[in-house]
Amino acid sequence: MKKRSLFSLLVAVALILSAVVPVLAEDVIKIGGIGVLSGDYGKYGLAVREGVDLYIKQINAAGGVLGKQVEVIWEDTQGDPAFAISAYNKLVEQDGVVGIIGGVLSGESKALAEVSAEDGVPQITPSSTAYDVTTDRPNVFRTCFLDPFQGNAIANYMAQQGVKKVAVLYDNATEYSEGLYQAFKAKSDAEGVEIVATEAAPYGERDYKTQLTTIKNAGPEAVFLPYYGADAAMVLAQAKEIGLDVRFFGADGISDIVDLVTDKSLLTSLVYTDHFTTDAQSEKAVAFVKAFEAEYGKLPSISFSATGYDAILVLLSAIEAAGSTDKDDVVAAIKATDVSAVSGNITFDDHNDPIKSAFLLTFDAEGNKQFLDQVDP
Amino acid sequence: MNLFLNQLINGLHVGSIYALIALGYTMVYGIVKLINFAHGDILMIGAYTAVVTLVSLNWSAPAALLAAILACVLFGVLIERVAYKPLRKSPRISSLITAIGVSMLLQNTALLIFGAQSRPFPTVLHVAPLRFLGLQVSFITVLTVLVSAALMIILQVFVKASKAGKAMRAASEDYNTAQLMGINVNTTITLTFAIGCALAGIGAYLYVMAYPAVSPTMGSLPGLKAFIAAVLGGIGVIPGAMLGGFVMGIAESLTKAYISTTMSDAVVYGILILVLLVKPTGLIGSLSREKV
């Protein structure tokens, strides 16, 4: 009891001091940010970082958390799960972070979850959509929807649009693409959408013409393309080259394709599921888009800026609610989260997944995102 | 049948790009017995030059092609002079390791200058696909195959008939004797590098036209495949590089189409091992090979 009152006194003093003097090192709550920040997938991590840093800036300006300023220390994994683990060890052991935002890709998040679950350090991934990232790991959460959900949503939408025959081109070497394919396959079978061709090509292959020729020969009405933007950009260009003129459906990872194609008209045939749309009307979303534009001078074109903003919001709100940075208290507080965030209202289910909507988007001929439909869980 | 032909054409397209790059490997190997591992990165330099001149400087497509070729030649000759020439008398392993070092130097320098994000390559050719016999073939494919074949024939004639070509063959046969006969071997080697790199520049342009993304490590994979094509055809022999490239491309494409999309590399490398077991000098290499 005595200790606690001393603590609250300290907090009060810190609150007053923080307004007038530069923050001392001990008065900082440190959060670790882990994700791919370079390489072909680097833009996803950078998008997350922009969202997180924006929230940190806002909350620090508003007085911080528990009266302390918050600092995020970023580590680049280069997309390699092994680097994610060494980054985690460095952040937790050397820097003394009290929570982790990350990883960005599903592979690195799984590796991270493996080690963070042992320590019980709260971890929130803003973007890893693979189902089993959070399975049996009570300390791991996410602020994005899941692959099974997007796979379902896409298969449903296709069925609604009257698509009867579909082909799949996917990357059987990454968990993200494989997971989406499995979910999509299960749902499309149930919906009576026939998969007439299934072709695979690993990431970075660049030449997809052989697979696309086989697909064209099977005569589908649409192609499901669970790839990231860099690969999808190649696929769309080569599909046009060989005269495969159908609609393409992708998932959230494809959202960065805009900057990777010069002929934006290719994008009009693409439909994909996203976590956030800048057309969203909620008060939080409108304020986020405005603040983001003011800070970075551009729109949040990759939706992981929004889910990243939400991830740090959930983590810091939980620390505030728990009243300490004790990891078990924080994990319990995250579990009890019920906040209206930028990408929707966030509550967590038994599997630590948020229950929230997906947006189906497409592009116009100038490469601007167009809102098509909202899918609720 | 149409499907088969289409896949064959896809294979020819990739294969002819491999072949074009393989020519650079094979010419250099023929004359200085050096496997120039930086050759794939020369391709990357060509691609960046093209994208920078086209997009940032707004040059026309032919001007950008010319710039790409010049940049490749410049870097190729520079690398030869700075990194390889001083090592010409040292053990071969030294120059091999230097070549790997140069490759890393180029990749990481590009990483520093341009960042890791890949840059899209604009569409430079707006030509409708060609249709014949019920097939649809993109113009880029036809162009790539024709350009590579034409360049190989020109190169073959050059090496057989021109004075400089004769000097190259002489130098590759016996370096010291060629010198005694009054051939300027240094100039000849520089010329060989220049020609090989010019071909890589053209290859780079054709490559990014087909796969429109430019990144610092883009040269590694086609470089490796082209090297294998050169070995498969018989390293040191010009038509061998061409043949090796086509065989690799077609084998890749047909494996993907008819066996398994994920097995294509295994099959291609399997073919390489088989060929080398039966004929260690490659498909058309001979023991008393006439190099270059």
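Below you will find a few notes about this structure. All of these numbers come straight from a predicted model, not from anything done at the bench.

**What to know about the layout of surface pockets**
Of the volumes computed, that of the largest pocket is approximately 790 Å³. Taken together, 35 residues form the lining of the largest pocket, with D40, Y203 and R206 of chain A together with S215 and T217 of chain B sitting closest to its centre. At the level of secondary structure, the elements contributing two or more residues to the lining of the largest pocket comprise α8 (229-242) of chain A together with α1 (2-32), α4 (92-114), α9 (220-233) and α10 (238-258) of chain B. Of the residues belonging to the lining of the largest pocket, the class tally is 17 nonpolar, 10 polar and 8 charged. Two domains share the lining of the largest pocket, each providing at least three of its residues, namely domain 1 (2-145 + 280-357) and domain 2 (148-274) of chain A. Within this model, the second largest pocket holds a volume of roughly 530 Å³. Around the second largest pocket, the lining comprises 27 residues; the ones closest to its centre are A237 and K240 of chain A together with T123, L125 and I140 of chain B. Among the secondary structure elements, those contributing two or more residues to the lining of the second largest pocket are α8 of chain A together with α5 (139-161) and α8 (185-210) of chain B. In terms of residue count, the dominant contributor to the lining of the second largest pocket is α8 of chain A (5 residues). The residue inventory of the lining of the second largest pocket, partitioned by class, reads 20 nonpolar, 4 polar and 3 charged.

**Re the nonpolar core**
Among the nonpolar cores identified, the biggest contains 117 residues, and L225, L244, F248 and I257 of chain A together with Y84 and F121 of chain B are the most heavily contacted of them. Per-element accounting of this core gives the leading share, 16 residues, to α8 of chain B. Contact partners of F121 of chain B, with chain neighbours within four places excluded, come to T262 of chain A together with A50, V51, L54, Y205, V208, M209, P212, A213 and V214 of chain B. Residues Y41, A311, L315 and I346 of chain A belong to the second largest nonpolar core, which totals 76 residues.

Rules behind the numbers
- Residues numbered from 1 in each chain as written.
- Chains lettered and ligands numbered in written order.
- Predicted model: local features only at pLDDT ≥ 70, side-chain atom pairs only at ≥ 80, totals over all residues.
- Heavy atoms only, no water.
- 1 Å grid on protein atoms, 1.4 Å probe; cavity = no way out; pocket = protein on both sides within 12 Å on 5 of 7 lines; lining within 4 Å.
- Points joined across faces, edges and corners; volume = space filled by probe spheres on them.
- Helix = DSSP H or I, 4+ residues; strand = E, 2+ residues; numbered from the N terminus.
- Nonpolar A, V, L, I, M, F, W, Y, C, P; charged D, E, K, R; others polar.
- Domains from an automatic or database assignment.
- Core = buried A, V, L, I, M, F, W, Y, C linked by side-chain atoms within 4.5 Å.
- Buried < 20%, exposed > 50% of the residue type's maximum accessible area, 1.4 Å probe, protein only.
- Contact = heavy atoms within 4.5 Å.

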